[in-house]
Amino acid sequence: MMFIYLVRQSVSKTVNIQYIFNILLYSAVTIDVAISFLLIYIVTRFFHFAHAVVFTSGAYFTFLFSKLLGCSLLVAIPLAVLCACTLGCLMEIVVYKPLRKKKSSSLILLLASLGIYIVLQNVISMVFGDDTKSIRTWPVVEGIDVFGARITEVQIIIIVASVVLLILVAGYLSLAKTGKAMRAVANDPELANISGINSNKVILISFAIGSALAGIAGILVSLDVDMTPTMGMNALMMGVVAMIVGGVGSIWGIVLGSLLLALAQNLGVWYISSQWQDAIAFAILLIFLLFKPEGFFGKKLKKANI
Amino acid sequence: MEYLLHILILIGIYTILSVSLNLLVGYTGILSIAHAAFYGVGAYVVALMALKFQTPFLLNLFLAIVASGIFGALVGIPSLRLRDDYFIIATFAFQIITFSILNNLVDFTGGPLGLPGIPQPNIFGFKITTHVEFLILVIILGGVTFWISNKIVKSPFGRLLKAIREDEVFVRAAGRNVSDAKVKVFVISASLASIAGVVYATYITYIDPTSFTIMESIFIISIVIIGGSANLKGSIVGAVVLVALPELLRFIGLPNSIAANIRQILYGALLVIFMLWRPQGFLGEYKFGKEAVRSKESEIRSKK
């Protein structure tokens, strides 16, 4: 009940347009990351931690191509997305698929994923340095005035791009042949295999699309706030929180979860200082895990598979 | 010589951490990413008690263990009800929240600046100041940790833990209280981890939250896995390998700026390699998944 009171109070303070923009912006990125992760998670059913570094690599590949090799952003960005996609696929081909062939448990895959993350994140740190890098070619601006709030053009692009990607992914999963195949494999891998779907191929495709989306998300974030080698882990965890709060497997759940998370964090900054942002996000996660693990739109999962 | 002793002390500290985590990960099959949080609780309790109340070392050690145990119960009881994946995420969440608390409650914990000037141990007048003395201390405390863990592992409780690891549903059906056992081992693991924190705090005499991050948790997990899951001696081997090996790199003349990165790449790569080729680690017996059951089945069949 206290929560509802707080929400009412905050709503009256935040019908302030700036707040709405901040929340939209924040959730836009989270939605991107969460969707890209979800595509891989529903099909492979393990925690692909290394997704965080695929996210980061999108930004750093762009940096490599635009600042170090002198390409224009128009060329650098698609190339970088392609590289991020390839990176994700390589992880699948070199590490995950061999492990799956050996019938390794999801725990083994998770641990291997952790290892991959550590190696690649440190490679990025070594090659590019730990300081913040930027791919922006324009000066930092205050932003244009929209209905009394300030928002930069880049931020508008981020929000629009996320909505577009969201619609594309939702459409793909419902309508495209491989998208439907993905849902089949996600639902019941053995049945999918028997029905003639090559689950390995579907998994590779999910890695390809998921990694490309993660790369795009990384680039979008870096266009707004520049990049650091460790930015992926935080972004991924926020995406995971949104995914769990929304209900694993549900895209609209992710949207709702991201909005809720963004709202809570922005409110948190209002009432408590911003250094507690992470703690707030994870506290929300814990509350959901303990009291409503299926999230808003998820199915109630069985406790154990016998 | 001092340098060698320093490495040995670090190995000792990480042995305590990995042996205590092995009880959870290797013997019970529970992967917790929150171990660094309990390590940190041990360090901060002893530091705060010594700095603010000047209480004696042994009392602080005792309090650190108790505090860590209580914290372990607080984290474990709600989390252990969750399914595998979600449990791991819950421990991740607790780890981050703990780090936030240590980093943000500046008045209490010193925040990012940490707590300097922690007094060195003074046990009934015997002051521990030199490297050799610390090494002896860590060997004694490490020995105690190992002994306790060994006792647990060889007891009926230890067999229960292994049974839970292999087939939890079966154990439940057989009427044993699985949740109870899991919480117990989680609390024990947390309490033992804090011992390492106590040694670390009084040895380095300065602590800050960056020593107790999620990366530290992952490092400890790597030691357990590479050394050998479900094998306590393996945890010692793991600690030796993962602490000493990167130090050898110093002698190759790598620039300092990337030495830390190379160290992490080393254990990250080892983790992936071991998962691919030897998931049970150097000396371990648990292969983290169905594979273990299958290979035992084929062992039994081939013996017939």
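About the criteria used
- Residues numbered from 1 in each chain as written.
- Chains lettered and ligands numbered in written order.
- Predicted model: local features only at pLDDT ≥ 70, side-chain atom pairs only at ≥ 80, totals over all residues.
- Contact = placed C-beta atoms within 7 Å.
- Helix = DSSP H or I, 4+ residues; strand = E, 2+ residues; numbered from the N terminus.
- pLDDT = per-residue confidence, 0-100.
- Buried ≥ 20, exposed ≤ 12 C-beta atoms within 10 Å, placed from the backbone.
- Expected span 1.5 Å × (residues − 1).
- Axes fitted to C-alpha atoms, helices over the stretch in contact; angles between N-to-C directions.
- Parallel < 35°, antiparallel > 145°, perpendicular 65-115°, else oblique.
- Left-handed = near helix turned anticlockwise from the far one by under 90°.
- Nonpolar A, V, L, I, M, F, W, Y, C, P; charged D, E, K, R; others polar.

A. Highlighting the interface of chain A and chain B. Each side of the interface is counted separately: chain A has 37 residues, and chain B has 32 residues. For the side of chain A that touches chain B, the secondary-structure elements that each account for two or more residues are helix 4 (73-101), helix 5 (106-128) and helix 12 (277-291) of chain A. For the side of chain A that touches chain B, the leading source of residues is helix 5 of chain A, giving 13 residues.

B. The confidence of the model for chain A, seen in detail. Per-residue confidence for chain A gives a mean pLDDT of 84; residues scoring 70 or more make up 93%. A low-confidence stretch, residues 301-306 of chain A (pLDDT under 50), is modelled with six contacts involving residues beyond four sequence positions or located in other chains.

C. Looking closely at the environment of Ile7(B). Secondary-structure assignment places Ile7(B) in helix 1 (residues 2-27). In the structure, Ile7(B) is positioned 247 residues away from Leu254(B) in sequence and 18 Å away in space, judged by C-alpha atoms.

D. Structural detail: unusual backbone geometry. Residue and element names in this part refer to chain A. Unlike most non-glycine residues, Arg 45 shows phi in positive territory, near 60 degrees. Its location among the elements puts Arg 45 in the loop between helix 2 (17-44) and helix 3 (51-68). Arg 45 sits in the partly exposed class, given 13 other C-beta atoms within 10 Å.

E. The arrangement of helix 3 of chain A in detail. All names here are of chain A. Its 18 residues place the ends of helix 3 24 Å apart at the C-alpha level, agreeing with the 26 Å of an ideal helix rising 1.5 Å per residue. Of all 18 residues in helix 3, 16 are buried, a share of seventy percent or more. After helix 3 finishes, the residue Gly 70 shows a positive phi value of roughly 80 degrees.

F. Region of interest: the packing of helix 3 of chain A against helix 5 of chain A. Residues and elements named next belong to chain A. Relative to each other, helix 3 and helix 5 sit at 20 degrees, their axes nearing to 10 Å. In terms of axis orientation, helix 3 runs roughly parallel to helix 5. Judged by the twist between their axes, the crossing of helix 3 over helix 5 is left-handed. Here helix 3 contributes Ala 52, Val 53, Thr 56, Tyr 60 and Phe 63 to the contact with helix 5, which in turn contributes Tyr 117, Leu 120, Gln 121, Ile 124 and Phe 128.

G. Focus on the packing of helix 4 of chain A against helix 12 (residues 256-277) of chain B. Look at helix 4 of chain A against helix 12 of chain B: their axes get within 9 Å of each other, and the N-to-C directions meet at 30 degrees. Taken as axis vectors, helix 4 of chain A and helix 12 of chain B run roughly parallel relative to one another. Once helix 4 of chain A is placed against helix 12 of chain B, the crossing between them reads as left-handed. Residue-level contacts link Val95(A), Pro98(A) and Leu99(A) of helix 4 of chain A to Val272(B), Met275(B) and Leu276(B) of helix 12 of chain B. A per-class count over the contact of helix 4 of chain A with helix 12 of chain B returns six nonpolar, no polar and no charged.

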